[in-house]
Amino acid sequence: NIEITYQAAISADTVAIGSANENTATLTYKKQTVTANANVYTFEIGADDANGKPTITKVDGDGNALSGVKFVLSKTDNGTTKYATVNNNTLTGWVDSETGATALITDADGSIAVKGLDADTYILTETETLPGYNLLTDTITVVIAEDGTVTYKLTNGTGEGSDSIEIVNQSGSEL
């Protein structure tokens, strides 16, 4: 028996969020051909909910959207922290250093989104806020279940995660 393991990435143009992305591998060796099929599922964080409201939003103390706040997305893989690289809101890969990660910047609605993710647990870390505001001291845990359900919660917060999160930035001086 020979076991062959391979890894492939679905291109951003073919990613169907929450639906099966068919993956076929064919191996030919000494006049014998073996084909294996697998369905790969990808998911999205920060997508709009059923009411069209983003599920991750950054706001000030009065509930106004904050545009231009920077985050990085990370995960733990075999005990090592990996950081996301993203292009056009689509995951393109993982790097070993936060400096090589893509900054996820909140848009005019104060939201960010990333698609092309596996079912896994991720961490969103605020890396840069706007002048006059305090940097978020906690991180956000994002859990994507095998069925595609996404939950968000402050990492050190209490209670269960929810299907959306509003991250409040307070202005003023930290004491």
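Residues numbered from 1 in each chain as written. Predicted model: local features only at pLDDT ≥ 70, side-chain atom pairs only at ≥ 80, totals over all residues. Heavy atoms only, no water.

Enquirer: What's the story with the overall build of the protein in this structure? I'm lost.
Expert: Across its full length, the protein carries 0 helices and 13 strands. Listing each helix as α and each strand as β along the protein from the N terminus yields β-β-β-β-β-β-β-β-β-β-β-β-β. When burial is assessed residue by residue, the protein has 31% of its 175 residues classed as buried. The contacts of the protein with a sequence gap of at least 6 include a subset with a gap of at least 24, amounting to 52%. Per element, the accessible surface of the protein, about 10800 Å² overall, is 45% carbon and sulfur. (Helix = DSSP H or I, 4+ residues; strand = E, 2+ residues; numbered from the N terminus. Buried < 20%, exposed > 50% of the residue type's maximum accessible area, 1.4 Å probe, protein only. Contact = heavy atoms within 4.5 Å. Areas by Shrake-Rupley, 256 points an atom, 1.4 Å probe, with all protein chains shown as cover.)

Enquirer: What is the right way to read the side chain of threonine 57 from this model?
Expert: Mapping threonine 57 onto the fold places it in strand β4 (residues 56-60). Taking relative accessible area as the criterion, threonine 57 reaches 7% and is therefore assigned buried. Once residues within four sequence positions are removed from consideration, threonine 57 is found in contact with Asp109, Gly110, Ser111, Ile165, Glu166 and Ile167.

Enquirer: Teacher, can you tell me more about a nonpolar patch on the surface here?
Expert: A cluster of nonpolar side chains, namely Ile2, Ile4 and Leu27, defines an oily patch on the protein surface of about 320 Å² accessible area. Within the fold, isoleucine 2 resides in the segment before β1 (20-29). Under the relative-accessibility criterion, isoleucine 2 is labelled exposed at 71%. (Patch = residues over 30% accessible without salt bridge, like charges linked within 9 Å, V, L, I, M, F, W, Y side chains within 5 Å. Salt bridge = Lys/Arg side-chain N within 4 Å of Asp/Glu carboxyl O.)

Enquirer: Would you mind showing me how to read the side chain of threonine 55 here?
Expert: Mapped onto the fold, threonine 55 is located in the loop between β3 (43-45) and β4. Threonine 55 has contacts with Gly46, Ala47, Asp48, Asp49, Tyr152, Asp163, Ser164 and Ile165, leaving out every residue within four places of it along the chain.

Enquirer: For this particular structure, what's the right way to read the pairing of strand β13 (residues 165-169)?
Expert: On a regular strand, each side chain points to the face opposite its neighbour's, so the side chains alternate between the two faces of the sheet. Only one face of β13 is covered, namely the one carrying Ile165, Ile167 and Asn169; the face carrying Glu166 and Val168 has none of its residues buried. One ladder, built from 5 bridges, connects β4 with β13; its direction is parallel. Its bridge partner being in β13, aspartate 60 is matched across the sheet by asparagine 169. (Pairing = 2+ DSSP bridges.)

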